[in-house]
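Residue-level structure breakdown
Residues per chain are reported as follows:
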Amino acid sequence: MKIKSAEFVMSNSDVAKCPKNNIPEYAFIGRSNVGKSSLINMLTSRKSLAKTSGRPGKTQLINHFLINEEWYLVDLPGYGYAKVSKSAKKTFQKFITQYFALREQLVTGFVLVDIRHKPQPVDLEFMQWLGENGIPFSIIFTKADKLKPKAIENHVEDYKNILLETWEEMPNYFITSSSKDIGKEEVLEYIDSLNAN
Ligand code: GDP
């Protein structure tokens, strides 16, 4: 997919105020610092469409970007940031769960995880919650430039082993690096294929 246009539409913390039209949307979420903003900028070939986080945990908003006047890329807040207060975490959980549970335009979610780390409870719990609620999602492994191919394979295998304990299939997954421009076409082609359905 060629990105012809990418424009910011709106930010808010209330799913009821998200765009009301029926444009299909794709939501990106992951732990703070996972590389979400960098990935969004890579996918859209824009240097700073999503603000790379100087202060993780700060932007607790649902951000809609319109791509090619055809689909929304939705940038959701990073989760699991230690310095956010308990009450902020609760508010966050509430609007994120509301977003995923209520947003009918959502085609699929992309859960970002840093390929360097072993599967983390906070990510696994979130994937489990999506699965239990029948919300489709793919996994995007980020920062693949940081590991050798064999280590990448092993880390993906760790996820497979854990997820296949409870599920029949491993979700779709993508190996990406925003620094090395890896995985961009695969993710965009996947979105394209879903848009065509
Ligand atoms: P966000 O908080 O999830 O939006 O993460 P950012 O995109 O702001 O990135 C967090 C940090 O990871 C920054 O220091 C980035 O430079 C770095 N980073 C992001 N993507 C990559 C990547 O693909 N490779 C490497 N090596 N570093 C990355």
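Everything quoted here is computed from the prediction, not taken from an experiment.

1. Describing the environment of G35
In this fold, G35 is placed in the loop between strand 2 (25-30) and helix 1 (36-44). As a C-alpha pair, G35 and K143 span 108 residues in sequence and 7.4 Å in three-dimensional space.

2. Some points on the nonpolar core
One broad rule of soluble globular proteins: the nonpolar side chains tend to lie buried together. A27, F28, L73, V74, L76, V111 and L112 are the most contacted members of the largest nonpolar core, which has 39 residues in total. Examining the composition of this core, we find that five residues originate from one element, strand 5 (residues 106-114), more than from any other. Ignoring any residue separated from it by four or fewer positions in sequence, one finds L73 in contact with Y26, F28, I40, T44, F65 and I67.

3. Examining the sheet that holds strand 6 (residues 137-142)
Spatially, the seven strands line up as an open sheet ordered 1-3-4-2-5-6-7, and their pairing is mixed. Of all strands in the sheet, those bounded by a partner on one side alone are strand 1 (6-12) and strand 7 (173-175). Here the average twist between neighbouring strands, direction ignored, is 25 degrees. Two strands pair when backbone bridges link them, and strand 5 and strand 6 are joined in this way by six bridges, in the parallel orientation. If you follow V113 over to strand 6, its bridge partner there is F141.

Procedures and definitions
- All residue numbers refer to position in the chain's written sequence, counted from 1.
- Owing to the predicted nature of the model, reporting of local features is limited to residues with pLDDT of at least 70; listing and counting of side-chain atom pairs is limited to 80 or more, with chain, interface and lining totals taken over all residues.
- Secondary structure elements follow DSSP: runs of H or I no shorter than four residues count as helices, runs of E no shorter than two count as strands, and numbering proceeds from the N terminus.
- Under the definition applied here, buried Ala, Val, Leu, Ile, Met, Phe, Trp, Tyr and Cys residues are grouped into a nonpolar core through C-beta atoms within 7 Å.
- Buried, partly exposed and exposed are defined by the number of other C-beta atoms within 10 Å of a residue's own C-beta, namely 20 or more, between the two limits, and 12 or fewer respectively, with C-beta atoms placed from the backbone.
- Note on contacts: each residue gets a C-beta atom placed from the backbone, and two residues are in contact if those atoms are within 7 Å.
- DSSP calls a pair of strands paired once it identifies at least 2 bridges connecting them.
- Here, axes are lines fitted to C-alpha atoms. For helices the fit covers the stretch in contact, and angles between N-to-C directions go from 0 to 180 degrees.

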